[in-house]
Amino acid sequence: MKLIGRLNVGNETTKIYTRSDGMYYDRDGVLITRDTMEYFALCLNSPWNDTNCTIKSVKRIDSEYRATTAVICYDFIDVEAYGYGRTKESAEYNCNELIKTIQKEYNKKDLAF
């Protein structure tokens with residue numbers, strides 16, 4: 001399984017993983033509920049404000065790069081989405097594509113807080 005995101009609400013953190021089947025799981029391999037994925041998508045689409053609340057970064061982890069899009073949503077709520085690649089550019093592209101895929105599936109009406 002590959003870590004593709006993290007949802008922090010207060011003191012509770014949900015790490016989101018995927019397998020080759022395209023479904024989303026927790027660290028124990030239990031399928032993440034649709035409600036949780038919809039909330040994750042909503043949070044990704046809801047930066048607290050337009051400046052300084054969406055942070056993008058790329059770092060090398062072992063033999064690949066991991067791009068991160070972190071969104072500060074509201075008091076005690078933040079999310080991160082991750083994309084991986086052999087180059088910084090491919091990791092950034094994969095992160096952006098992951099966010100688009102999640103929005104398309106779980107936030108079809110493009111809702112935000």
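As a reminder, the structure under discussion sits directly above these lines.
Residues numbered from 1 in each chain as written. Predicted model: local features only at pLDDT ≥ 70, side-chain atom pairs only at ≥ 80, totals over all residues. Heavy atoms only, no water.

1. Re the overall build of the chain
Right, so step 1: Of the regular secondary structure elements, the chain holds two helices and six strands.
Right, so step 2: For the chain, the sequential pattern of α-helices and β-strands runs β-β-β-α-β-β-β-α.
Right, so step 3: For 113 residues, the compact-globule estimate of 2.2 N^0.38 gives 13 Å, and the chain sits close to it at 13 Å.
Right, so step 4: Summarising its shape, the C-alpha atoms of the chain cover approximately 35 × 35 × 30 Å along the three principal directions.
Right, so step 5: Buried residues in the chain amount to 41% of all 113 residues.
Right, so step 6: The long-range share in the chain, meaning contacts at least 24 apart out of those at least 6 apart in sequence, stands at 47%.
Right, so step 7: Accessible area of the chain: about 7,200 Å², with a carbon and sulfur share of 48%.
Right, so step 8: Distance from the positive charge centre (16 side chains) to the negative charge centre (17 side chains) of the chain: 5 Å. (Helix = DSSP H or I, 4+ residues; strand = E, 2+ residues; numbered from the N terminus. Rg over C-alpha atoms; globule rule 2.2 N^0.38 Å. Buried < 20%, exposed > 50% of the residue type's maximum accessible area, 1.4 Å probe, protein only. Contact = heavy atoms within 4.5 Å. Areas by Shrake-Rupley, 256 points an atom, 1.4 Å probe, with all protein chains shown as cover. Lys, Arg positive; Asp, Glu negative; His and termini not counted. Charge placed at Lys NZ, Arg CZ, Asp CG, Glu CD.)

2. Some details on the pattern of salt bridges
Pairing is possible between side chains that carry opposite charge, provided their charged atoms lie close to one another.
Right, so step 1: Across all of its chains, the model carries six salt bridges by this definition.
Right, so step 2: Close ionic contact of K2 with E64 constitutes a salt bridge, the shortest N to O distance being 2.5 Å. Of this pair, K2 sits in strand β1 (residues 2-9) while E64 sits in strand β5 (residues 64-74), and the two are 62 residues apart along the sequence.
Right, so step 3: Look at E64 and you get partly exposed, because its relative accessible area is 24%.
Right, so step 4: The salt bridge involving E80 is made with R6; its shortest N-O contact spans 2.7 Å. (Salt bridge = Lys/Arg side-chain N within 4 Å of Asp/Glu carboxyl O.)

3. With respect to the sheet that holds β1
Right, so step 1: A sheet is described by the order of its strands in space; here six strands give the open sequence β3-β2-β1-β6-β5-β4, paired in antiparallel fashion. Each edge of the open sheet carries a strand with a single partner, namely β3 (24-25) and β4 (54-61).
Right, so step 2: Bridge count for β5 against strand β6 (residues 77-85) is nine bridges, and the pairing is antiparallel. Residue pairing across strands places T68 opposite Y82, the latter belonging to β6. (Pairing = 2+ DSSP bridges.)

4. Description of helix α2 (residues 88-106)
Right, so step 1: The terminal C-alpha atoms of α2, which comprises 19 residues, lie 27 Å apart, in line with the 27 Å expected from a rise of 1.5 Å per residue.
Right, so step 2: A91, C95, L98, I99, I102, Q103 and Y106 are the residues of α2 that are buried. Each buried residue of α2 sits inside an arc of 130 degrees when the element is viewed along its axis, so together they form one side. Summarising the geometry of α2, the exposed residues directed more than 90 degrees from the buried face are E89, Y93, K100 and K104.
Right, so step 3: The secondary structure elements touched by the buried residues of α2 are β1, β3, α1 (34-44), β5 and β6. (Expected span 1.5 Å × (residues − 1). Arc of directions from axis to C-beta.)

5. What to know about the pairing of β6
Working note: regular strand, side chains alternate between the two faces of the sheet.
Right, so step 1: Among the nine residues of β6, eight are classified as buried, and the element is accordingly described as predominantly covered.
Right, so step 2: Examined bridge by bridge, β1 and β6 share five bridges and lie antiparallel to one another. Residue pairing in the sheet places R6 in a bridge with E80 of β6.
Right, so step 3: Between the end of β5 and the start of β6, which pair antiparallel, lie two residues, with F76 showing a positive phi angle near 65 degrees.

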